[in-house]
Amino acid sequence: MNTSRTPIPTSTHQNVSATTVAHFKTVHPITIVSTNSTYTNTTLDPALVAVSNFFNDVLDKIPLPHWAIYTIFVSGALLILLCCLCICIKCCCKGKKKRKQKNDEKINMLGVNGTSTTALVQPDVADVDYGSTKKQRGKLLYSLEYNAPLSELTVGIKQADSLKAMDVGGTSDPYIKVYICPDKSITCETKVFRNTLNPIFNEQFSFQISKSSLLKSTAVMKVFDFNRFTKHNIIGELRVELCNVDWNHVIEEWQDLGEPAKFEEEELGEICFSLRYVPTAGKLNVVILEAKNLKSMDTGGFSDPYVKVQLALDKRKWKKKKTSIRKKTLNPYYNESFTFDVTFQQIQRVNLVISLWDHDAVSRNDAMGKIFLGCDATGNQLRHWADMLSNPRRPVAQWHSLLLAKQVNSTLNLKKKIPLRDKLPL
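Not measured: the values here are computed from a predicted model. (Residues numbered from 1 in each chain as written. Predicted model: local features only at pLDDT ≥ 70, side-chain atom pairs only at ≥ 80, totals over all residues. Heavy atoms only, no water.)

Here the structure, examined in full by the defined rule, presents three aromatic pairs. Centroid distance Tyr175 to Phe224: 5.6 Å. Interplanar angle 20°. Geometry classified as stacked. Of this pair, Tyr175 sits in strand S5 (residues 174–181) while Phe224 sits in strand S8 (residues 218–225); the two residues are 49 residues apart in sequence, bridging distant segments of the chain. The class for Tyr175 is buried, based on a relative accessible area of 1%. Taking NZ or CZ as reference, Lys292 lies 4.5 Å from the ring centre of Trp399, over its face. Across from the ring centre of Trp318, 4.3 Å away, lies the NZ or CZ of Lys319, which sits over that ring. (Phe/Tyr/Trp six-rings, centres within 6.5 Å; stacked < 30°, edge-to-face > 60°. Helix = DSSP H or I, 4+ residues; strand = E, 2+ residues; numbered from the N terminus. Buried < 20%, exposed > 50% of the residue type's maximum accessible area, 1.4 Å probe, protein only. Lys NZ or Arg CZ within 6 Å of the ring centre and 35° of its normal.)

Structure below.
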């Protein structure tokens, strides 16, 4: 019995061990295959190595150290990045500016309640705000006072603020013309202020006007930018209807300048001439250079203009000369010189009158425009005269806008010609 029991467990143990060994023997090749499969994933390395070798060969061919080449590449990349960033910022700013302009151009309808279709489609004119599209021209502080017993209107020009820049440097040379409509018999001018947008004038001008005419009149204040050799540009204007003013007290207020009216101003043209005074010799030299944009006086749309140069001493007609006639033109060129004997004692009492006339062979010659210069003048005419006196022996040229002859005549109010010495009463 014992001999038969002993070998059974032994054989069983040996069979299990054999089975286990056989099992591990069969599993082990599988693990080897899996490790081989992971190792085969590194087959991309030759390509990377080839690219790296090519890059290194290129770097070796460049006669610079590697750190210098890397620095150049990094700098170039940063420069390209900065350029792209600047382009993006510029595009964004343009988009914002366009959106802002579109918003500014929209008409802001104030006070529309929307209760009716008419209110939504067509608001009242007073409710529409056009301020966003209106050009800002600045504002003016003025005063008005009327003296009834003397029938005298006093217009005060105090100061201007935030005027529109008309010159390249962002400034202007402002001065103001003051007159009363519809009469316009007298036009007054302030002095010119150089390179400023906030001039302080503190000037007053008086106009003789009756109370009945006062209530039908309008005070006009026009702000100009002074230019010596070109036409003076208008900055803006202010019109005050005198019938709406309370004359029980002095009026002083700020008002915004508006766009100038085009229907009222009559363009008579411009004339350019130079002045030169030699005190030691007592010689006044006037050179009539040219005129432009003159008013048409003939049926064919042209004129036959010539220029009269006249001197008045102590408000009396004294000496005169005239240029030759230029046929059928509105832009005549003269370049003619005239010399007058004027002593240093007389130059302070002399007025120079420049007038343009249209020559007619049959009828009477027609006045086309006139201006006068001298110590009694104002504005640009006075400035030109003062520049001549302050620069002796040197010609000073300037353009001037022509005025109505009756306007200059009423301002100057010349008397008859100075009598000759042998006809003077003893």
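Taken in spatial order, the four strands of this open sheet run S7-S4-S3-S10, and their pairing is antiparallel. In this open sheet, the two strands that pair with only one neighbour each are strand S7 (200–208) and strand S10 (251–256). Each strand of the sheet is rotated relative to its neighbour by a mean of 20°, with strand direction disregarded. Bridging between strand S3 (residues 139–147) and S10 involves six bridges; their strand directions are antiparallel. Paired with Lys139 across the bridge in S10 is Asp256. (Pairing = 2+ DSSP bridges. Axes fitted to C-alpha atoms, helices over the stretch in contact; angles between N-to-C directions.)

Another aspect to go through is the pattern of salt bridges. One pass over the full model with this rule turns up seven salt bridges. Note that Lys222 and Glu237 form a salt bridge whose closest N and O atoms lie 3.7 Å from each other. Of this pair, Lys222 sits in strand S8 while Glu237 sits in strand S9 (residues 233–241), and the two are 15 residues apart along the sequence. The exposure class of Lys222 is buried, given its relative accessible area of 3%. Judged by relative accessible area, which is 5%, Glu237 ranks as buried. We note a salt bridge from Arg228 to Asp387, for which the minimum N-O separation is 2.6 Å. Highlighted residues: Arg228 in the loop between S8 and S9 and Asp387 in helix H8 (residues 379–390), separated in sequence by 159 residues. The two residues Arg228 and Asp387 agree in class, both being buried. (Salt bridge = Lys/Arg side-chain N within 4 Å of Asp/Glu carboxyl O.)

With that settled, the discussion passes to the confidence of the model for the protein chain. In this model, the protein chain carries a mean pLDDT of 79, and residues with pLDDT of at least 70 account for 76%. Note that residues 1–28 has pLDDT below 50 and, in this model, zero contacts with residues that lie over four places away or in other chains. Residue range residues 30–42 is modelled with pLDDT below 50. Its contacts to residues more than four positions away, or to other chains, number zero contacts. (pLDDT = per-residue confidence, 0-100. Contact = heavy atoms within 4.5 Å.)

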